[in-house]
Amino acid sequence: MKKFLAIIMSCLTAVACCFALTACGSKKETLYVYTNAGFAPYEYVNEYGEVVGIDIDVMQEIGAILGYEVVVNDIEFDNILNEVAKNKMAVGAAGMSKKDERDKVALASDVYATSQQYVIAPVGTFGDDATVKVAQIAAAVGDKKIGVQKGTTGADLIEEDYADNTIEYSNAIVASTDIGTTLGAVVIDELPAKTISGNNSKLACWKIDAEDAEMESYVLYFNKEATELVASVNKILKVMQDNGVIDYFTIKHSGGIVG
């Protein structure tokens, strides 16, 4: 593990060297990162009350390379793009799937991760099924509701046909505490689902069938005017991906759960 960490740190140094000329001589500005810290392992609050996670490490590294001070703001998920639209030096980093409606109001980076929709439910709910359909989820919860995070792909997926059976929450961690009482299940992205169920022996998670929920691509969202910043960020993301840096951040924050 120490050898692996040394290799990753060498890669991070190499990334910084590639962009050293960008940072040198430039005035240190603030890069405002907007996130929603209820989406572990991408963003969550640690034992010291700090917002941490994969996205936060990625943005801190980008800020260090480009010479920016990074300020993280934890806000409601569906308000992130509103804040990004107000400030050329703002970025949404919150496990955000690339969507046409989001592209209309903000500028997307290149894809840095992929995900699929999962359902969290009490152990044994779907037996040995490898995947489940949305209709199965609706049937399984009975007279209870399905929890979703407001403004997410999971919310769109469930509310399309089962809006009356849905309750929106600020995040999936909060929603999961109601499973077994108000809720029969929660729908959220893959790694958050695995993280939540992995921390609760009474819960398990299942992948939602690809016919119902396609693979999603995560991007960072920037102000529409920040074209030069996005171009620089895309170069850094490529180097980080090619050298396993994002994989390292994923392992670091997910306890080895990477897929």
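Participant: For this particular structure, what's the right way to read the overall build of the protein?
Facilitator: Counting secondary structure elements, the protein contains 11 helices and 15 strands. Expressed as a percentage of the 259 residues in the protein, the buried residues total 50%. Sequence-distant contacts in the protein: of pairs separated by 6 or more residues, those separated by 24 or more amount to 75%. When the accessible area of the protein is evaluated, it comes to approximately 12,200 Å², of which 50% is carbon and sulfur surface.

Participant: I keep staring at the side chain of Arg102 and nothing clicks. Help me out?
Facilitator: Structurally, the position occupied by Arg102 is in helix H5 (residues 100-103). It is Glu101 that comes nearest to the buried, bridge-free Arg102 among opposite-charge side chains, at 5.8 Å. Sequence-distant contacts of Arg102, that is, excluding residues within four places in its chain, are made with Phe77, Leu81, Met96, Ser97, Gly151, Thr152 and Tyr221.

Participant: Could you clarify how one ought to interpret helix H9 (residues 190-198) in this entry?
Facilitator: Residues lying three or four places apart along an α-helix face the same way, a consequence of the helix completing one turn every 3.6 residues. With 8 of 9 residues buried, H9 lies mostly within the body of the structure. Along H9, the residues that are buried comprise Glu190, Leu191, Pro192, Ala193, Lys194, Thr195, Ile196 and Ser197.

Participant: I keep staring at the sheet that holds strand E11 (residues 145-149) and nothing clicks. Help me out?
Facilitator: In a beta sheet, neighbouring strands are held together by backbone hydrogen bonds and run either parallel or antiparallel to one another. Spatially, 6 strands are ordered E10-E14-E9-E13-E11-E12 in an open sheet, and the strand pairing comes out mixed. A single partner strand is all that each edge strand has here, and the edge strands are strand E10 (131-132) and strand E12 (166-169). Here H9 sits on the sheet in contact with strand E9 (117-122), strand E13 (183-189) and strand E14 (203-208), set at roughly 135° to E13.

Participant: For this particular structure, what's the right way to read the sheet that holds strand E4 (residues 51-52)?
Facilitator: Pairing is antiparallel in the open sheet, where 3 strands are placed in the order E2-E3-E4. The open sheet is flanked by strand E2 (38-39) and E4, the only strands paired with a single partner. As defined by bridge partners, E2 adjoins strand E3 (residues 43-45) across 2 bridges and the pair is classed as antiparallel. Residue pairing for E3: Gly38 is matched across the bridge by Tyr44.

Participant: What is the right way to read the packing of helix H10 (residues 227-242) against helix H11 (residues 245-254) from this model?
Facilitator: When two helices pack together, you describe them by how their axes are tilted relative to each other and by the distance separating the axes. One way to put it is that H10 packs onto H11 with a least axis distance of 5 Å and a crossing angle of 70°. Judged on the interaxial angle alone, H11 and H10 are roughly perpendicular. Residue-level inspection shows Leu237, Met240 and Gln241 of H10 in contact with H11, the latter providing Val245, Ile246 and Phe249. When grouped by side-chain class, the residues that make up the contact of H10 with H11 number 5 nonpolar, 1 polar and no charged.

Participant: Explanation requested: the confidence of the model for the protein in the structure shown.
Facilitator: Note: predicted coordinates in regions of low pLDDT should not be interpreted at a detailed level. Mean pLDDT over the protein: 91, with 88% of residues reaching 70 or higher. Of the regions scoring below 50 in pLDDT, residues 1-7 engages in 2 contacts with residues more than four places distant in sequence or in other chains. Segment residues 20-25: pLDDT under 50, and 4 contacts once partners within four positions in sequence are set aside and those in other chains are kept.

Participant: What should I look at first to understand the packing of aromatic side chains in this one?
Facilitator: The description of an aromatic ring pair rests on the distance of the ring centres and on the angle between the ring planes. A complete count under the given rule lists 5 aromatic pairs for this structure. Their ring planes at 45° and their centres at 6.4 Å tell us that Tyr112 and Tyr218 sit as a pair that is tilted. Note that Tyr112 is positioned in the loop between strand E7 (107-108) and strand E8 (113-115) and Tyr218 in strand E15 (residues 216-222), a separation of 106 residues in sequence. Since its relative accessible area comes to 5%, Tyr112 is described here as buried. For Tyr218, a relative accessible area of 0% gives the class buried.

Participant: What is the right way to read H10 from this model?
Facilitator: Across its 16 residues, H10 extends 23 Å between first and last C-alpha, which sits within 8% of the 22 Å expected from 1.5 Å per residue. For H10, the set of buried residues is Leu229, Val230, Val233, Asn234, Ile236, Leu237 and Met240. Trailing H10 by a residue or two, Gly244 shows a phi angle of about 75°, which is positive.

Participant: Is there a simple way to think about unusual backbone geometry in this case?
Facilitator: When glycine is set aside, most residues are seen to have a negative phi, and most peptide bonds are trans. Of note, the amide linkage connecting Ala40 to Pro41 takes the cis form, showing an omega dihedral of 10°. Mapped onto the elements, Pro41 comes out in the loop between E2 and E3.

Participant: I'm lost on the packing of helix H3 (residues 54-66) against H11 in this one. Help?
Facilitator: In the contact formed by H3 and H11, the axes pass within 9 Å of each other and the chain directions differ by 140°. Relative to H11, the element H3 lies oblique. Between H3 and H11 lies a crossing whose hand is right-handed. Each of Ile54, Asp57 and Val58 in H3 lies in contact with H11, whose residues at this interface are Ile246, Phe249, Thr250, Lys252 and His253. Of the residues in the contact of H3 with H11, the class split is 4 nonpolar, 2 polar and 2 charged.

Thresholds applied
Residues numbered from 1 in each chain as written. Predicted model: local features only at pLDDT ≥ 70, side-chain atom pairs only at ≥ 80, totals over all residues. Heavy atoms only, no water. Helix = DSSP H or I, 4+ residues; strand = E, 2+ residues; numbered from the N terminus. Buried < 20%, exposed > 50% of the residue type's maximum accessible area, 1.4 Å probe, protein only. Contact = heavy atoms within 4.5 Å. Areas by Shrake-Rupley, 256 points an atom, 1.4 Å probe, with all protein chains shown as cover. Lys, Arg positive; Asp, Glu negative; His and termini not counted. Salt bridge = Lys/Arg side-chain N within 4 Å of Asp/Glu carboxyl O. Pairing = 2+ DSSP bridges. Axes fitted to C-alpha atoms, helices over the stretch in contact; angles between N-to-C directions. Parallel < 35°, antiparallel > 145°, perpendicular 65-115°, else oblique. Nonpolar A, V, L, I, M, F, W, Y, C, P; charged D, E, K, R; others polar. pLDDT = per-residue confidence, 0-100. Phe/Tyr/Trp six-rings, centres within 6.5 Å; stacked < 30°, edge-to-face > 60°. Expected span 1.5 Å × (residues − 1). Left-handed = near helix turned anticlockwise from the far one by under 90°.

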